[in-house]
Amino acid sequence: MTDKKQSESSKQSRRDFISKAGLVAGTTAGAGAILFGSADALAAAPTPSQTEGPFFPIRDQADKDADLTRLVGSDKVAKGEVVMVKGIVLDASDKPVVGAEIDVWQACESGRYNHPQDPNTAAPLDENFQYWAKLQTDAEGRFAFKTIKPGAYPATSTWDRPTHIHYRIKAWGVPTLTTQMYFKDDALNDIDQILIATRRRYGDEATDSLIVDFKTDEGAEGESKKIPTGTFTIRLSGTPRIQD
Ligand SMILES: [Fe+2]
């Protein structure tokens, strides 16, 4: 064999090995499995948990559907910029979680919660805003809802919370996750004490997964063509057990 052929043969063997080992470009997850010898190493870190806050809804409401921008039976629309949130709930092995129950709650455009203990009474309630939704993931682990971009509000006299939406996700057989989702390009994100503490505890990659980019998509079907839409991926810390 000539030197050139020997070299080509050697390269091919190496390519075969790399391919079988899952170490080709773009498959760092495969590399992780080799290095750590465990399929668990494939999945990204779980979504960080964050405080539930004091304003989880305590007043029941008839309308808890996936359109928070209006109340059922009314043709009036909530104040504020309408946005769409599309999401998926995954387990610790990156498998979709079917039938997860999700509570979503948030402030209205003025930064006020529909909660009797909200001290931000200078901000008016919006009688046309739904404030709270109860959702369930579909057969592919997906969920979606339409809402308005909530207003920032003062947490203390020196600290304004950035725009955020609260989530509580319950799925059979895994720990309940309570967290918050943020909007990219909000200057308050960088100085928010809760996000700073999360970054310190969970690291940048996991914390950045809470911050979602909203934009319109000309190529999308339905309302995402016109309404800024963001995708929130939620990873639970566990794998739901399948009942026999
Ligand atoms: Fe909040």
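Higher on the page you've got the structure.
What you see is a predicted model, and the numbers here were worked out from it, not measured in a lab. (Residues numbered from 1 in each chain as written. Predicted model: local features only at pLDDT ≥ 70, side-chain atom pairs only at ≥ 80, totals over all residues. Heavy atoms only, no water.)

A. How the structure looks around the overall build of the chain. For the chain, the count of helices and strands is four helices and 10 strands. Starting at the N terminus and ending at the C terminus, the chain contains elements arranged as α-α-β-β-β-β-β-β-β-β-α-α-β-β. Here the chain holds 244 residues, and 42% of them are scored as buried. Within the chain, contacts between residues separated by at least 24 positions form 69% of all contacts whose residues are at least 6 apart in sequence. (Helix = DSSP H or I, 4+ residues; strand = E, 2+ residues; numbered from the N terminus. Buried < 20%, exposed > 50% of the residue type's maximum accessible area, 1.4 Å probe, protein only. Contact = heavy atoms within 4.5 Å.)

B. A look at the coordination of the iron ion. Within the first shell, the iron ion binds the protein through Tyr113 (OH), Tyr153 (OH), His164 (NE2) and His166 (NE2), at distances of 1.9 to 2.2 Å. Here the iron ion binds four donor atoms, and the angle range of 92 to 160° at the metal identifies the geometry as irregular. Considered as a linear motif, the donors of the iron ion on their single chain read Y-x39-Y-x10-H-x1-H. In this pair, Tyr113 is assigned in the loop between strand S2 (101-105) and strand S3 (132-136) and His166 in strand S7 (residues 164-170), connecting sequence segments 53 residues apart. (Donors = N, O, S within 2.8 Å, 3.2 Å for Na, K, Ca; no water. Tetrahedral: all angles 85-135°; square planar, octahedral: opposite > 155°, others 65-115°.)

C. Layout of the sheet that holds strand S1 (residues 82-90). An order of S4-S1-S10 is seen for the three strands of this open sheet, with the pairing classed as mixed. Every interior strand has two partners, whereas the edge strands, strand S4 (142-148) and strand S10 (229-235), have only one. Pairwise comparison of adjacent strand axes, ignoring direction, gives a mean angle of 25° for this sheet. The pairing of S1 with S10 spans seven bridges and is classified as parallel. Of the residues in S10, the one forming a bridge with Leu90 is Arg235. (Pairing = 2+ DSSP bridges. Axes fitted to C-alpha atoms, helices over the stretch in contact; angles between N-to-C directions.)

D. Local environment of the sheet that holds strand S8 (residues 177-183). The five strands are arranged S3-S2-S7-S8-S9 in an open sheet whose pairing can be described as mixed. Among the strands making up the open sheet, the edge pair consists of S3 and strand S9 (211-212).

E. Structural detail: the environment of Leu125. Note on placement: Leu125 falls in the loop between S2 and S3. Discounting chain neighbours no more than four positions away, the residues touching Leu125 are Cys108, Arg112, Tyr113, Asn114 and Tyr131.

F. Examining the side chain of Gln180 more closely. Relative to the helices and strands, Gln180 resides in strand S8. In this structure the side chain of Gln180 is engaged in a polar contact, spanning 3.0 Å, whose partner is the backbone oxygen of Thr51. Side chain to side chain, Gln180 and Arg161 meet in a polar contact 2.9 Å long. (Polar contact = N/O pair within 3.5 Å; in protein donor to acceptor, adjacent residues only side chain to side chain.)

G. Spatial organisation of the pattern of salt bridges. Under the criterion given, the structure shown has 12 salt bridges. When the shortest N-O distance is used, the salt bridge between Glu140 and Arg142 registers 3.7 Å. For Arg142, a relative accessible area of 42% translates into the label partly exposed. A salt bridge links Lys146 to Glu223, with the shortest nitrogen-to-oxygen separation between them at 2.9 Å. With Lys146 in strand S4 and Glu223 in the loop between S9 and S10, this pair connects stretches of sequence that are 77 residues apart. (Salt bridge = Lys/Arg side-chain N within 4 Å of Asp/Glu carboxyl O.)

H. Seen up close, the packing of aromatic side chains. Using the criterion set out here, one finds nine aromatic pairs in the structure. When the ring of Phe183 is compared with that of Phe214, the centres are 4.5 Å apart and the planes differ by 15°; the resulting orientation is stacked. Highlighted residues: Phe183 in strand S8 and Phe214 in the loop between S9 and S10, separated in sequence by 31 residues. There is no split in this pair, since Phe183 and Phe214 are both buried. Each residue in the set Phe143, Phe145, Tyr167 and Phe232 is aromatic and connected to the rest through ring pairs, giving one cluster. (Phe/Tyr/Trp six-rings, centres within 6.5 Å; stacked < 30°, edge-to-face > 60°.)

I. Spotlight on the side chain of Asp118. Mapped onto the elements, Asp118 comes out in the loop between S2 and S3. Only 2.9 Å separates the side chain of Asp118 from the backbone nitrogen of Asn120, close enough to count as a polar contact. Apart from the residues lying within four places of it in its own chain, the contact partners of Asp118 are Phe55, Gly111, Arg112 and Tyr113.

J. Layout of helix H3 (residues 193-202). Buried residues of H3: Ile194, Leu195 and Thr198, and no others. Here the buried residues of H3 occupy an arc of 95° about the axis, which is enough to place them on one side. Its buried side turned inward, H3 meets strand S6 (159-161), S8, helix H4 (204-208) and S9. Positive backbone phi, approximately 90°, marks Gly203, located one or two places after H3. (Arc of directions from axis to C-beta.)

Remember, this is a structural readout, not a statement about activity or role.
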